[in-house]
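Observations on chain architecture
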Amino acid sequence: MTVSGAKNASLALMPATLLAAGPCRLANTPRLRDISTMSTLLETMGVDIRHPGTTIELDTAHVHSQEAPYEMVKKMRASFYVLGPLLGRYGHARVSYPGGCAWGPRPVDLHLRAMEALGAEITIEGGYVIARADRLRGAEIQFEISSVGATGNALMAAVLAQGSTVLRNAAVEPEITQLAHFLRRMGAHIDGIGTNCLTIEGVDDLHPADDSNIPDRIEAGTFLAAAAATGGNITLENVSHEHLTAVLELFRRAGCDISVTENTITLQSDGALTAIDATTAIYPGFPTDMQAQWMAMMATANGSSVITDTVYFDRFNHVPELQRLGARIDVTKNTATVHGVETLTGATVMSTDLRASASLIIAGLIARGSSEVLRVYHIDRGYEAIELKLRNLGADIQRVDSEDY
Ligand code: UD1
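**Let's talk about the nonpolar core**
Ranked by internal contacts, the top residues of the largest apolar core, which has 74 residues, are Leu42, Leu183 and Ile190. No other element matches the six residues that helix H6 (residues 148-158) contributes to this core. Once residues within four sequence positions are removed from consideration, isoleucine 190 is found in contact with Leu155, Val159, Ala180, Leu183, Arg184, Leu198, Thr199 and Ile200. Counting residues in each nonpolar core, the second largest holds 65 residues, with Ile234, Cys256, Ala301 and Leu325 among its members.

**Section: helix H12 (residues 354-366)**
Over its 13 residues, H12 runs 19 Å from end to end, which matches the ideal 18 Å to within 8%, given 1.5 Å per residue. Here H12 lies mainly inside the structure; twelve of its 13 residues are buried. When we look at burial in H12, the residues that qualify are Leu354, Arg355, Ala356, Ser357, Ala358, Ser359, Leu360, Ile361, Ile362, Ala363, Gly364 and Ile366. The N-cap residue of H12 is aspartate 353: its side-chain oxygen and the backbone nitrogen of arginine 355 are 3.3 Å apart.

**Quick look at the pattern of salt bridges**
One pass over the full model with this rule turns up 16 salt bridges. Among the salt bridges present, the one from aspartate 34 reaches lysine 7, with a minimum N-O distance of 3.5 Å. In this pair, aspartate 34 is assigned in helix H2 (residues 33-44) and lysine 7 in helix H1 (residues 7-16), connecting sequence segments 27 residues apart. Under the relative-accessibility criterion, aspartate 34 is labelled buried at 2%. The buried category is assigned to lysine 7, whose relative accessible area is 7%.

**Let's talk about the site of the ligand**
Near the ligand lie 18 residues; those nearest to it are Asp109, Ser147, Val148, Asp289 and Val311. One of the backbone nitrogen or oxygen atoms of leucine 110 is found 2.8 Å away from an oxygen atom of the ligand. Aspartate 289 places a polar side-chain atom, nitrogen or oxygen, 2.6 Å from an oxygen atom of the ligand. Burial of the ligand by the protein amounts to 83% of the accessible area it has alone, namely 740 Å². Elements that contribute at least two residues to the shell around the ligand include exactly helix H5 (109-117) and H6. With three residues, H5 is the largest single contributor of residues to the shell around the ligand. Of the residues that make up the shell around the ligand, three or more belong to each of domain 1 (7-212) and domain 2 (217-392).

**Observations regarding the environment of arginine 185**
Summarising the element assignment, arginine 185 is placed in helix H7 (residues 174-185). Remark: the alpha-carbon pair of arginine 185 and proline 208, spanning 23 residues in sequence, is separated by 8.3 Å.

Each value, and the rule that gives it
Residues numbered from 1 in each chain as written. Predicted model: local features only at pLDDT ≥ 70, side-chain atom pairs only at ≥ 80, totals over all residues. Heavy atoms only, no water. Core = buried A, V, L, I, M, F, W, Y, C linked by side-chain atoms within 4.5 Å. Buried < 20%, exposed > 50% of the residue type's maximum accessible area, 1.4 Å probe, protein only. Helix = DSSP H or I, 4+ residues; strand = E, 2+ residues; numbered from the N terminus. Contact = heavy atoms within 4.5 Å. Expected span 1.5 Å × (residues − 1). Polar contact = N/O pair within 3.5 Å; in protein donor to acceptor, adjacent residues only side chain to side chain. Salt bridge = Lys/Arg side-chain N within 4 Å of Asp/Glu carboxyl O. Near = heavy atom within 4 Å. Areas by Shrake-Rupley, 256 points an atom, 1.4 Å probe, with all protein chains shown as cover. Domains from an automatic or database assignment.

See the structure below:
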C-alpha cells in the first residue's frame, strides 16, 4: 500500500506559499478534507489553486485579502497557520481566534506571544486576532512548551523579519523540518533545521519554489496498527521508517515482525499481541496522533497496558466508544489502562475526531460481527480513501453514507 503525503506538513507548506508572489508546486500533497479546507481558505485570500492529482499548484500572485474567517478556522484549527506568513509579508492579518477542540483546550498563546516578540501588536476583537507590524524584527524566543503550530507560525513570520531570530525549544517534528526546508527553497536563511534551536536570518524577499512532501507517518502507523491488530501482513510503500522509530519499536515489542528498507516498511503479525505500555511525547517520541489507534490494538492484546498522553491530557473521546465494542478500559486523568479482552463485538459507534475514528475502524475490523462507524467525515479529514485502501488489503469495509458536516 502506498502511503500518502503528510497532511500536517502540507497544512504548513500551503500557507507558507503566501510568503512570496507567484506559482509554487507541492508534490505528494494528499487529497483530503483538511487540504481542501486549507485550499478554500487560501482561495478566499486570492490564491489560485489547482490540485488535479497529488501535486498541488498554488499561485499567490493575486492575493487581495489577509483574513481567515471564523467559518474556516472553526472547521480546522490549522487555518491559524496563515497568521505568521500574512504578518511577515503584509504586516497585518485578521485571523479568527480558534475555539475549543473535541479533545479539550488547545490554546494559541504561544503563537501570539511569538508574534508579539517579533514586534507585532496583537489585539482580539470580535473573536478575531488582529495583528499588525510595520515590519517584524528578529527576536530570541524561548517556547515554554514545544509546539508544532507555534514553531511553524513563528518560523514563517521570522523569515521576512528584519534581523535574526532564534527559536529555542522549537518543535522537531518531521513536518516542521519539511517546512523549514521548503522555506529555504524559497530563499529563507534558516540554520539548525531538525534541531530544537532554529536560527533565522531575515531576508527582504522570498521567491516561489517547488517541493515534494514527506510521507504521512500517522497514516502509515494507522495501517500498521490495523494489520497488527487483525493478524495481517502489510507492506507500506513511500514511507520513511526513520520518522516512525518509536512507533516501530512498540510494534516489535508487541510481537510484530518488522523489516524496513529505505522507503518501505513490512509488518507481519499473527494477531496474538502482547500488551505494551505507550506514553505519548513530542517527536521523536510516540505520537499523540497514534494514541487512539494503539489503544484499539491493545484492546485485545494479552494482558493490560497503560497508555498515557502527555501532549493532550483529555484526548480520550474514543474510550467510551471502544467500550461499546467490548473493550475494558479505565481512565484516570491522562492515563488509560487497557485490560486486553478475548475479542470485541461489533456495534454502532460514533467518531468524535480524526484519530478517534481511525481507532474505531481498527476496533471494528477486530470485532466479531459488523460495526458501523458514524460521523465518518472525521476520517476524511486525514485519510485518503481509507475504505478503498483497507479493502485492497483484504478488509471487509464499505462507506454506506457520507454525512456532511
Ligand atoms: C500539531 C498537529 C496535531 C498533533 C499535535 C501534537 C498539525 C496541523 N497538527 O497540532 O495533529 O496532535 O501537533 O503533535 O500539525 N500549546 C499551548 N499553547 C499554544 C500551542 C500549543 O499550550 O499556543 C500546547 C498544546 O495544548 C499541546 C502542546 O502545546 O499540549 C503541543 O501542541 P502543538 O504541538 O502546538 O499542536 P498543534 O500544532 O496544534
